[in-house]
Structure formats: C-alpha cells, structure tokens
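# Commentary on secondary and tertiary structure
Residue-level listing of the chains:
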Amino acid sequence: MEFAVKELPYVTLWKNLTALEEGYVTGLEPGTGFPYTRRLEREAGRVPKLKPGETRQFDIDVGLHTTTHAVRAVDERIKRIQNGRATQIDRAPSR
C-alpha cells in the first residue's frame, strides 16, 4: 500500500476479535486522523475542515507482491524509508 503521508499522515492497524463463529477481521487504514471520537480528534487538531463545495482527493495504491524477489525489494524500500526510526505505537489517544 502506497500513499502520500502529507495527505494521510496517520495509519491505524486494527483488529476485531469477536466470537470465533463471526470470523476474524483486521485492517490497515491510512487516514487524516485516528478512529477516536470526533471530540478527541477535534481537540487534537486532526479533523480536517472543508469549505462549502470544496473537495479533497486521496490516492492509495495497493499492490500484490507474489514472488520472494518482489517481497524482498519492497522490504528493502521500507527499510530505506524508515531510515532506522523506530515504529511508534500509541495505545491510547494522544492529544
């Protein structure tokens, strides 16, 4: 999945652990904020505002990597982008 961080600066990894009979769902979602209440997101300055008639467009490219070579190439690209930075995990809403 590729997208412009300037347009979608936050990424949420979520999972739904309901009853086994209902199945298991997980998601990876880039966004303009986090899936918290609108109040929390507004307080944190993460609710974008559009003027009447204004629109915004986001481009997300999704690709499948079906060979070992392709997976390794993408892994190396990700490592270059990360540039040694640690992954940040927020387990509670940040303000």
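As the structure is a prediction and not an experimental result, all values here were calculated from the model.

Calculation notes
Residues numbered from 1 in each chain as written. Predicted model: local features only at pLDDT ≥ 70, side-chain atom pairs only at ≥ 80, totals over all residues. Heavy atoms only, no water. Phe/Tyr/Trp six-rings, centres within 6.5 Å; stacked < 30°, edge-to-face > 60°. Buried < 20%, exposed > 50% of the residue type's maximum accessible area, 1.4 Å probe, protein only. Lys NZ or Arg CZ within 6 Å of the ring centre and 35° of its normal. Helix = DSSP H or I, 4+ residues; strand = E, 2+ residues; numbered from the N terminus. Polar contact = N/O pair within 3.5 Å; in protein donor to acceptor, adjacent residues only side chain to side chain. Salt bridge = Lys/Arg side-chain N within 4 Å of Asp/Glu carboxyl O. Expected span 1.5 Å × (residues − 1). Patch = residues over 30% accessible without salt bridge, like charges linked within 9 Å, V, L, I, M, F, W, Y side chains within 5 Å. Areas by Shrake-Rupley, 256 points an atom, 1.4 Å probe, with all protein chains shown as cover. Contact = heavy atoms within 4.5 Å.

## Quick notes on the packing of aromatic side chains
Here the structure, examined in full by the defined rule, presents 2 aromatic pairs. With 5.8 Å between their ring centres and 55° between their planes, Phe34 and Tyr36 make a pair best called tilted. Relative accessible area serves as the criterion here: at 18%, Phe34 is assigned to the buried category. What makes Tyr36 partly exposed here is its relative accessible area of 27%. An aromatic cluster of at least three residues, connected via ring pairs, comprises Tyr10, Phe34 and Tyr36. Above the plane of the ring of Tyr10 lies Arg46, whose end atom (NZ or CZ) is 5.7 Å from the centre.

## With respect to the environment of Glu54
Among the secondary structure elements, Glu54 is positioned in the loop between α1 (38-43) and β4 (60-61). Sequence-wise, Glu54 and Glu76 are 22 residues apart; in three dimensions their C-alpha atoms are separated by 38 Å. Reaching out from Glu54, the side chain makes a polar contact with the backbone nitrogen of Lys51 at a distance of 2.7 Å.

## Side note on the pattern of salt bridges
In total, this model carries 5 salt bridges according to the counting rule given. Notably, a salt bridge pairs Glu41 with Arg46, separated by 2.8 Å at the nearest N-O pair. When its relative accessible area of 8% is taken as the criterion, Arg46 is described as buried. For Asp75, the salt bridge identified is with Lys79, shortest N-O distance 3.1 Å. Separated by 4 residues within a single helix, Asp75 and Lys79 lie in helix α2 (residues 68-82), roughly one turn from each other. Among the charged side chains, a salt-bridge network with shared partners connects Asp75, Glu76 and Lys79.

## Observations regarding α2
Here α2 spans 21 Å end to end across 15 residues, near enough to the 21 Å set by a 1.5 Å rise per residue. Phi for Asn83, located one or two positions after α2, is positive at around 50°.

## What about a nonpolar patch on the surface?
Side chains of Met1, Val11, Leu13, Leu28, Ile60 and Val62 sit close together on the surface and give an oily, nonpolar patch of about 600 Å² of accessible area. Here Ile60 shows up in strand β4.

## As for the side chain of Arg46
Take Arg46: it is sitting in the loop between α1 and β4. Among the polar contacts made by the side chain of Arg46, one reaches the side chain of Glu41 at a distance of 2.8 Å. Once you skip the residues sitting within four places of it in the chain, Arg46 turns out to touch Tyr10, Thr32, Gly33, Phe34, Tyr36, Glu41 and Ser94.

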